[in-house]
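Below, each chain spelled out in residue letters.
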Amino acid sequence: MSTETPSKTDPSLGDYQYGFHDSTDNYVFKSRKGLDEEIVRQISGIKNEPQWMLDFRLNALEIFFSRPSPQWGADVDQIDFQDIYYYMKASDKQEKSWDDVPEDIRKTYDRLGIPEAEKQYLAGVKAQYDSEVVYGSLQEDLEKQGVLFTDTDSALREYPEIFREYFGTIIPSADNKFAALNSAVWSGGSFIYVPPGVHIDFPLQAYFRINSENMGQFERTLIIVDEGASAHYVEGCTAPSWTEESLHSAVVEIVVKRGGRFRYTTIQNWANNVYNLVTKRAMAYGDSLMEWVDGNLGSKITMKYPAIYLMEPGARGETLSIAFANNGQHQDAGAKMVHCAPNTSSRVVSKSISKGGGRAGYRGLAKVVKGAHNCKSSVVCDALILDPESRSDTYPYIEVEEDDVTMEHEASVSKIAEEQLFYLMSRGLTEAEASAMIVTGFIEPLVKELPMEYAVEMNKLIELQMEGSVG
Amino acid sequence: MATLTITNLQVSVEDKPILKGVNLEIKEGEIHALMGPNGSGKSTLAYALAGHPKYEITGGTIEIDGTNVTELDANERARLGMFLAFQYPVTIPGVRVADFLRHAVTNRRDPERKEGENLMPMREFRKELKERMAELGMDTEFARRYLNDGFSGGEKKRMEILQMAMLQPKFAILDETDSGLDSDAVKVVSEGVNRLSGPEMGVLIITHHERLLEFNKPQFTHVMLAGKIVETGDAGLAAELHANGYATIRERHPEAAAEQSSEQEESLASV
Ligand SMILES: Nc1ncnc2c1ncn2[C@@H]1O[C@H](COP(=O)(O)OP(=O)(O)OP(=O)(O)O)[C@@H](O)[C@H]1O
Ligand SMILES: [Mg+2]
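Residues numbered from 1 in each chain as written. Chains lettered and ligands numbered in written order. Predicted model: local features only at pLDDT ≥ 70, side-chain atom pairs only at ≥ 80, totals over all residues. Heavy atoms only, no water.

K.L.:
Please explain the overall build of chain B as it appears in this structure.
P.N.:
Check the secondary structure of chain B and you find 10 helices and 12 strands. In terms of overall size, chain B behaves like a compact globule, its C-alpha atoms giving a radius of gyration of 19 Å where 271 residues would be expected to give roughly 18 Å. A principal-axis box enclosing the C-alpha atoms of chain B has dimensions of 60 × 40 × 40 Å. Considering chain B as a whole, with its 271 residues, one finds that 54% of them fall into the buried category. Restricting to contacts in chain B with at least 6 residues of sequence separation, those with at least 24 account for 69%. Measuring between centres, the 31 positive side-chain charges of chain B sit 7 Å from its 43 negative side-chain charges. (Helix = DSSP H or I, 4+ residues; strand = E, 2+ residues; numbered from the N terminus. Rg over C-alpha atoms; globule rule 2.2 N^0.38 Å. Buried < 20%, exposed > 50% of the residue type's maximum accessible area, 1.4 Å probe, protein only. Contact = heavy atoms within 4.5 Å. Lys, Arg positive; Asp, Glu negative; His and termini not counted. Charge placed at Lys NZ, Arg CZ, Asp CG, Glu CD.)

Structure follows, in structure tokens:
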């Protein structure tokens, strides 16, 4: 068995740190390439799913085929949907101990530092490898308090009632083409239920790893935070630097009930040949707080606009978003806030950085529906462009159907940091040191919102992006 | 003895020639004043010396102790002892004064330091920073603030002098460090410069005011007009210019004066 075969990885992808991969020879199951009804039936069959789920998938497949690709945002027409493996299963079951995870896979997670982090500061972990979750853990006391943290496939089997009550209700298959695709071929992802009043102090972490070339990863996450409960979920993502592109298209559905608090943090660091097209949406009920903290560093193209629907009075939504687009990357990221009830408030802070010809954009919607009086919405987006080759765009959309609304929108004119660079360099910092310092400073207001460990990781990733930036 | 030698320096900004052959020699321990009307090229000289990439050196040389630094990056020049106190210091949100300065000071003291190598010990640095801040009457709270972010005009200028005190350059160019300061602040800054400009440092003071020069009496005064130094004298020349303005200078150098005013009209027209 060979690990880390470097032969087929693309040297032009440079020094992406997580670009290694394992052999796929020992996989338990690999679907053939391409997408059609047979593949969907096969996935559902392997998973032994109830009829309703198969019907759900087939319906979604039809929607997927009938929809054109979006013609706004990033260019996704280059994706050849028939050149992708839709289901790859590396291991035949999910383990509760890292020792039982097949060696190749375990080594991968070791290199990513997951078992170590788990020991130190995590309340629970899910590790997804291609299509399936290969490792799962949850602290015992949380289990006793009724917290559920499983992969989504197990949830369908083990908690069918609560599963069916919410699944696909927040993001219906028909929402958009990629939501339809995910609904047709979804596999893995996290399912979390936090019972009323239970507070989870440490983060629950999921780690998504694409290993195979031409792979499509379609995890499906469903999270329910019951009344007065609180939790923080963190996801990280990496993939090998293959020459052929991979596709990651997730759907994340969240419900935060009355008085609950939930934070969803993403540190997306896909290799620069992954299309990352993700639909994320939360419904926040009375006096609850929902927060998205969204860090997008990797991928070739990312299109992602986490949404919060503020459903009842007193609900608050917050999105903090960081996008870093380097050479060959297009980050089209943003946020949606939909005020469906009176006295709701939302805040979006977005920071984007583009460098080396990369393109980063903010695309956002702030919407207040009829009858939602007294809402407050604030959007602040800043862009930092590090050189004249790079680009930044801002597309804020505002739809307001009431008069008594406080709307603030600030977008700082994208600035080339030339004067800042010179200032720091005139004090003896090299160009790389100076630009790393400016970028770290630029995102500092967001990074300081992260728990220590993630703040450190975020800064480290940014530094890696900045290395060798001397041009 | 350390010497900064500027020979026939010509500088263009966006292909427009601004400096047209500047000659100047500054030795350690000397104080030079540089005066001249608005737009005559004083800041351009300062930026060119510090190594701003937009200020293209089209002819002539800058040497530090006989080493030609004309082709060096700003950071390499800084490590060799060049320092510019900016006329308009830049704000850098999110970057704390102490973090930035510790980095800068480490590089200045160990010019061979490579990226990623250790910084000077925190304790030693903090102690020194505190002392320098006290001398300049600055609250230590400034060390934790973001660089120049929300600083008043006067606070920014003090921050420039603090950086100079920490970096201990061989040659410091102060570009209108005294403008925008109230009279108490001018005194503090002047005393600060005075304390630092011992035998170890040469200073070029660009100013339109008298106070800074009263505390730091120049041995040489240079007057710039249309991108050239047209006259050099002693402290008396500075006093004369303060009393009478530039009228007599223009009379003595009609060609440069004409060039200067036509350039000014041109740049106003292009606004
Ligand atoms: N970055 C720039 N872009 C365009 N023109 C510039 C730039 N920097 C300087 N100049 C021009 O060069 C000329 C000299 O400007 P400089 O700032 O050196 O004058 P100064 O002597 O410092 O004036 P002041 O006393 O007002 O500070 C001016 O005409 C100015 O408009
Ligand atoms: Mg000036």
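Moving on, there is more to tell.
K.L.:
Just to check I follow, could you spell out the sheet that holds strand β5 (residues 67–68) of chain B for this structure?
P.N.:
What links the strands of a sheet is backbone hydrogen bonding, and the strands pair in either a parallel or an antiparallel sense. Residue and element names in this part refer to chain B. The strand order across the open sheet formed by 4 strands is β2-β1-β4-β5, and the pairing between neighbours is antiparallel. Since the sheet does not close on itself, it has two edges, and those belong to β2 (16–27) and β5, each with one partner. The strands touched by helix α1 (residues 42–50) within the sheet are β1 (3–13), β2 and β4 (55–64), with β4 carrying the most contacts at an inclination of about 65 degrees. (Pairing = 2+ DSSP bridges. Axes fitted to C-alpha atoms, helices over the stretch in contact; angles between N-to-C directions.)

K.L.:
Is there a simple way to explain the confidence of the model for chain B in this structure?
P.N.:
Caution is warranted with low-pLDDT regions, since their predicted coordinates should not be read in detail. Averaged over all residues, the pLDDT of chain B equals 92, while 98% of them reach at least 70. Model confidence for the complex is summarised by a pTM of 0.82, with the ipTM given as 0.95. (pLDDT = per-residue confidence, 0-100.)

K.L.:
How should the coordination of the magnesium ion (ligand 2) be read in this particular structure?
P.N.:
Reference values for coordination geometry: four tetrahedral donors around a metal ideally subtend 109.5 degrees, six octahedral donors ideally subtend 90 or 180 degrees. Residues and elements named next belong to chain B. Those protein atoms acting as donors to the magnesium ion (ligand 2) are S43 (OG) and Q87 (OE1), and they sit at 2.0 to 2.3 Å. Taken together, the residues span a long stretch of sequence, with S43 in helix α1 and Q87 in the loop between β6 (82–85) and β7 (92–96) at a distance of 44 residues. Judged by relative accessible area, which is 14%, Q87 ranks as buried. (Donors = N, O, S within 2.8 Å, 3.2 Å for Na, K, Ca; no water.)

K.L.:
Sorry if this is basic, but what is going on with the interface of chain B and chain A here?
P.N.:
A common way to report how large an interface is uses the accessible area buried once the components associate. Taken residue by residue, the interface counts 38 residues in chain B and 20 residues in chain A. The interface formed by chain B and chain A contains 3 salt bridges. For E160(B), the salt bridge is made with R427(A), and the minimal N-O distance between the two is 2.7 Å. At the boundary of chain B with chain A, the tally comes to 16 residue pairs in polar contact (both at pLDDT 80 or more). Those elements that provide at least two residues to the side of chain B that touches chain A are α1, α2 (74–79), β6, β7, α3 (97–109), β8 (146–147) and α5 (153–167) of chain B. (Salt bridge = Lys/Arg side-chain N within 4 Å of Asp/Glu carboxyl O. Polar contact = N/O pair within 3.5 Å; in protein donor to acceptor, adjacent residues only side chain to side chain.)

K.L.:
What is the right way to look at the pattern of salt bridges in this model?
P.N.:
In a structure, side chains of opposite charge can pair up when their charged atoms sit close to one another. Residue and element names in this part refer to chain B. Using the criterion set out here, one finds 40 salt bridges over all chains in the structure. Between K20 and E259 there is a salt bridge whose closest N-O contact spans 2.7 Å. Here K20 is found in strand β2, whereas its partner E259 is found in helix α10 (residues 254–269), with 239 residues between them in sequence. Classification of K20 by relative accessible area gives partly exposed; the value is 23%. The network of salt bridges with shared partners includes K127, E131, R132, E135 and R195.

K.L.:
Can you walk me through the packing of aromatic side chains in this structure?
P.N.:
Two aromatic rings are characterised by how far apart their centres lie and by the angle between their planes. Following the criterion strictly, the structure yields 29 aromatic pairs over all chains and no others. Consider the rings of Y109(A) and Y129(A), whose centres lie 6.2 Å apart with planes at 55 degrees: the pair is tilted. In this pair, Y109(A) is assigned in helix α3 (residues 103–112) and Y129(A) in strand β3 (residues 124–129), connecting sequence segments 20 residues apart. Each member of the pair, Y109(A) as well as Y129(A), is classed as buried. Centre to centre, the rings of F142(B) and F151(B) are 5.1 Å apart; their planes meet at 80 degrees, and the pair counts as edge-to-face. Take F142(B): its relative accessible area is 9%, and that puts it in the buried class. Members of the aromatic cluster, each reached through a chain of ring pairs, are W52(A), F56(A), Y159(A), F163(A), F167(A), W186(A) and F191(A). The positively charged end of R111(A) is found above the aromatic ring belonging to F20(A), 3.6 Å away from the centroid. The ring of F81(A) has K177(A) lying over it, and the distance from NZ or CZ to the ring centre is 5.9 Å. (Phe/Tyr/Trp six-rings, centres within 6.5 Å; stacked < 30°, edge-to-face > 60°. Lys NZ or Arg CZ within 6 Å of the ring centre and 35° of its normal.)

K.L.:
Explain the packing of α3(B) against α5(B) here, please?
P.N.:
The description of two packed helices rests on the angle between their axes and on the distance between the axes. Residues and elements named next belong to chain B. Two elements in contact, α3 and α5, have axes separated by 9 Å at closest approach and are oriented at 35 degrees. Crossing geometry of α3 relative to α5 is assigned as right-handed. Seen from α3, the contacting residues are V97, F100, L101, A104, V105, R108 and R109; seen from α5, they are M159, L162, Q163, M166 and L167. Counted by class, the contact of α3 with α5 contains 9 nonpolar, 1 polar and 2 charged residues. (Left-handed = near helix turned anticlockwise from the far one by under 90°. Nonpolar A, V, L, I, M, F, W, Y, C, P; charged D, E, K, R; others polar.)

K.L.:
Got a minute to help me understand the nonpolar core in this structure?
P.N.:
Note on soluble globular proteins: their nonpolar side chains tend to be buried together. Counting 180 residues, the largest nonpolar core has Y109(A), Y233(A), I254(A), F262(A), M290(A), L424(A) and L45(B) as its most contacted members. For this core, the element with the most residues is helix α10 (residues 431–447) of chain A, which contributes 9 residues. For this core, the two domains that each supply at least three residues are domain 1 (1–304) and domain 2 (417–471) of chain A. Contacts of M290(A), omitting those with residues within four sequence positions, involve I254(A), V256(A), F262(A), Y264(A), A282(A), A284(A), I308(A), R316(A), G317(A) and E318(A). Counting 29 residues, the second-largest nonpolar core is a separate cluster that includes I43(A), L61(A), F81(A) and L247(A). (Core = buried A, V, L, I, M, F, W, Y, C linked by side-chain atoms within 4.5 Å. Domains from an automatic or database assignment.)

K.L.:
Honestly, the site of ligand 1 in this entry has me stumped. Any pointers?
P.N.:
Residues and elements named next belong to chain B. Neighbouring residues of ligand 1: 15 residues in total, closest G39, K42, S43, T44 and Y55. At a separation of 3.3 Å, an oxygen atom of ligand 1 approaches a polar backbone atom of S40. In the model, an oxygen atom of ligand 1 is placed 3.3 Å from a nitrogen or oxygen of the E176 side chain. Considered on its own, ligand 1 offers 640 Å² of accessible surface; in the complex 73% of this is hidden by protein. Contributing elements (two or more residues each) for the shell around ligand 1: β2 and α1. Ranked by the residues each element gives to the shell around ligand 1, the list is headed by α1, at 3 residues. (Near = heavy atom within 4 Å. Areas by Shrake-Rupley, 256 points an atom, 1.4 Å probe, with all protein chains shown as cover.)

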